[in-house]
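An overview of the molecular structure
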Amino acid sequence: MALALTVRPTARLRRLPPVLAVVAVVALLALPLAPGDGGGAHPADVLSAPVVLYCALRLVRDRRRPLSRTAAVVLGLPVLGLAVAAVGAVSPGAGLAGLGRYLQVFVLVPAAVLLLLRDRRDVRLLTWSMVGLALWQGAVGVHQYVTATGASYQGERIRAVGTFGPQDVMGMATVVSLGLVCAVGLALGRTPVRQRLFAAGCALALLLPLALSFSRGAWIATAVTCAAQLLLAGVRRALAVGAVVVAAAVVLVGGFGVGTAMLQERVGSITRVTDAPDQSVTDRYTMWAAAAGMWRERPLTGVGLKGFPEHRDAHASLALSSGSETDGAGAGYRRQPLLSPHNMYLLVLAEQGLLGLLCLAGSWLALLVLGLRGLRAVRLERGAVPDCAFVACGLLVWQLTDFAYADIGGPSTVLTAVCFGLAAWWAFGSRTQEVAGR
């Protein structure tokens, strides 16, 4: 009798979907950081290592072939460029740290997500967890704006940063954007009407905290991605949904009051590259030029992983400021050094050279091509595209667009790894299931 009682809980645990391990990583991003805590690993990053180990142990126990040949080549392609760049790093410690981070984000965690996802129900569970995280962070951000307890922006503490603090002003914007993309994907799929309406409502609700993040890069990436998702769903649906979004945006902006002028100024600054740009735009383009200079110095292999900060001053012009100022959201005034170009493609080009960029970007492009090809194949086979396809392709498009304005760094980076894992599942792991109608 005692043995039976002991076995039953174990059997129940085994019946739980393995993807819950990844959902736990997403859930940990809801935890607030200590005020002023700008360093150290976030609990979500820490948990990602046991998730990879758990996936490996499952493969050993089940004696499964881990990945198809195509998946292994595509996901393993970045390792070549990373290994060469790690050898050329300024120090062995910097090389190992950079290698570990890149492997975590672009190889190990995506492969683990791919292998832990069993079917579309698991994908929906993970997707809804990302939407839930976005709603939570967005609610915190809106509260910060309303109560003037957010990060400092133009002298007022109104910038929505969620629980990530002023040292990671892009954290909430990233989480909310990805949640919005997930919600749009769920709303476009062939699922029950109630679920689609709820997902559409979540997407509309997330527009407000996204606007209050004052993140130009997140705005651009989200607009491009949602437009792509709508076009993939059909031109008629794209026009209809576009009209609804425009109407909702007018209502939201009309209710901002003083925030309207700030949002208009922020939107207008996107196009002011040479005509009186603000200091943040000047810094961004100055660092882009510095990254390009590093690449020209070592075009094939770059300056080595974690090498951008060491070589920045030798290639940056005097227009670069000494750092960005952060304040508010529970933390005191702080000046942060500018240690990356805020462009993933230029960062890879500077630190890993053409070899690294071709390996990483080649892996990403292969995922995108295979994902879009799978979406087209399912449409031709079944006449309808599942929500998982819109979600996976949308998340990948968002990442590749956002990489033109941002790079990896901060607690929200672990979500980048999850997004690549979802894209890999659709590109490699779902084809047979979808065509079979499972």
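1. Here's the deal with the overall build of the chain
From N to C terminus, the chain includes 18 helices and four strands. Taken across its 438 residues, the chain has 50% of its residues classed as buried. Sequence-distant contacts, at least 24 apart, represent 77% of the contacts inside the chain between residues at least 6 apart. Per element, the accessible surface of the chain, about 19500 Å² overall, is 66% carbon and sulfur.

2. Looking at the side chain of Gln-352
Of note, Gln-352 is situated in helix α15 (residues 344-382). On the accessibility criterion, Gln-352 (1% relative accessible area) is buried. Excluding residues within four positions of it along the chain, Gln-352 makes contact with Gly-81, Leu-82, Ala-85, Tyr-102, Leu-300, Thr-301, Gly-302, Leu-305, Leu-347 and Leu-360.

3. A word on the packing of aromatic side chains
Scanning all chains against the criterion turns up twelve aromatic pairs. Ring plane angle 35° and centroid distance 5.6 Å describe the contact between Trp-128 and Phe-198, whose orientation is recorded as tilted. Pair noted here: Trp-128 is in helix α7 (residues 120-147) and Phe-198 is in helix α9 (residues 193-212), with a separation of 70 residues, a long-range link. Arranged with centres 6.0 Å apart and planes meeting at 70°, the rings of Tyr-345 and Trp-364 form a pair that is edge-to-face. Here Tyr-345 falls in the partly exposed class, since its relative accessible area comes to 25%. Assessed through its relative accessible area of 3%, Trp-364 is described here as buried. An aromatic cluster is built from Tyr-102, Phe-106, Tyr-345, Trp-364, Phe-403 and Phe-420, whose rings are joined through pairwise contacts.

4. Some words on the nonpolar core
Counting residues in hydrophobic clusters, the biggest one holds 116 residues, and the most contacted among them are Tyr-102, Phe-106, Leu-126, Met-130, Met-344, Leu-395 and Phe-428. It is α15 that provides the largest number of residues to this core, a total of 14 residues. Excluding anything up to four places from it in sequence, Phe-428 contacts Thr-70, Ala-71, Val-74, Leu-114, Leu-367 and Leu-370.

5. Notes on helix α3 (residues 43-62)
Its 20 residues give α3 an end-to-end C-alpha distance of 29 Å, which sits within 8% of 28 Å, the value for a rise of 1.5 Å per residue. Of the positions making up α3, those classed as buried are Ala-44, Asp-45, Ser-48, Val-51, Cys-55, Arg-58 and Leu-59. One face of α3 carries all of its buried residues, which in axial projection span an arc of 115°. Among the exposed residues of α3, those pointing more than 90 degrees away from its buried face are Ala-49, Leu-53, Leu-57, Val-60 and Arg-61. Tucked inside the fold, the buried residues of α3 contact α2 (20-28), α6 (92-116) and α17 (413-429).

6. Section: the pairing of strand β2 (residues 156-159)
Inspection of the sheet shows strand β1 (residues 151-153) paired to β2 by three bridges, in the antiparallel sense. Each bridged residue has a counterpart across the sheet, and for Ala-151 the counterpart in β2 is Arg-159. What sits between β1 and β2 in their antiparallel hairpin is a turn of two residues, with Gln-154 showing a positive phi close to 55°.

7. A closer look at a nonpolar patch on the surface
There is a patch of nonpolar side chains on the surface, built from Leu-16, Leu-20 and Leu-125 and spanning about 220 Å² of accessible area. Inspection of the secondary structure puts Leu-125 in helix α7.

8. Quick notes on the confidence of the model for the chain
Summary statistics for the chain give a mean pLDDT of 83 and a share of 81% for residues scoring 70 or more. Within the chain, helix α18 (residues 431-436) has the poorest average pLDDT of any element, 40, and α2 the best, 95. Here residues 1-7 is a poorly scored stretch, pLDDT under 50, and it has zero contacts once near neighbours within four places are set aside; other chains count. Within the model, the stretch residues 431-438 combines pLDDT values under 50 with 18 contacts to residues more than four positions away or in other chains.

9. Section: empty space enclosed by the protein
Where empty space is left can be seen by rolling a probe of water-molecule size over the atoms. Counting across every chain of the model gives three cavities of 30 Å³ or more. Within this model, the largest cavity holds a volume of roughly 40 Å³. Lining the largest cavity we find Val-22, Val-25, Ser-48, Val-51, Val-109, Val-113, Val-414 and Val-418. Of all the secondary structure elements, the ones that give two or more residues to the lining of the largest cavity are α2, α3, α6 and α17.

10. Quick word on the packing of helix α8 (residues 169-188) against helix α10 (residues 216-233)
Interaxial distance between α8 and α10 falls to 10 Å at its minimum, and their mutual angle equals 10°. The pairing of α8 with α10 is recorded here as roughly parallel in orientation. Listed contacts from α10 to Ala-173, Ser-177, Leu-180, Val-181, Val-184, Gly-185 and Leu-188 of α8 are Ala-218, Thr-222, Thr-225, Cys-226, Gln-229, Leu-230 and Ala-233. The residue makeup of the contact of α8 with α10, split by class, is nine nonpolar, five polar and no charged.

Criteria and thresholds
Residues numbered from 1 in each chain as written. Predicted model: local features only at pLDDT ≥ 70, side-chain atom pairs only at ≥ 80, totals over all residues. Heavy atoms only, no water. Helix = DSSP H or I, 4+ residues; strand = E, 2+ residues; numbered from the N terminus. Buried < 20%, exposed > 50% of the residue type's maximum accessible area, 1.4 Å probe, protein only. Contact = heavy atoms within 4.5 Å. Areas by Shrake-Rupley, 256 points an atom, 1.4 Å probe, with all protein chains shown as cover. Phe/Tyr/Trp six-rings, centres within 6.5 Å; stacked < 30°, edge-to-face > 60°. Core = buried A, V, L, I, M, F, W, Y, C linked by side-chain atoms within 4.5 Å. Expected span 1.5 Å × (residues − 1). Arc of directions from axis to C-beta. Pairing = 2+ DSSP bridges. Patch = residues over 30% accessible without salt bridge, like charges linked within 9 Å, V, L, I, M, F, W, Y side chains within 5 Å. Salt bridge = Lys/Arg side-chain N within 4 Å of Asp/Glu carboxyl O. pLDDT = per-residue confidence, 0-100. 1 Å grid on protein atoms, 1.4 Å probe; cavity = no way out; pocket = protein on both sides within 12 Å on 5 of 7 lines; lining within 4 Å. Points joined across faces, edges and corners; volume = space filled by probe spheres on them. Axes fitted to C-alpha atoms, helices over the stretch in contact; angles between N-to-C directions. Parallel < 35°, antiparallel > 145°, perpendicular 65-115°, else oblique. Nonpolar A, V, L, I, M, F, W, Y, C, P; charged D, E, K, R; others polar.

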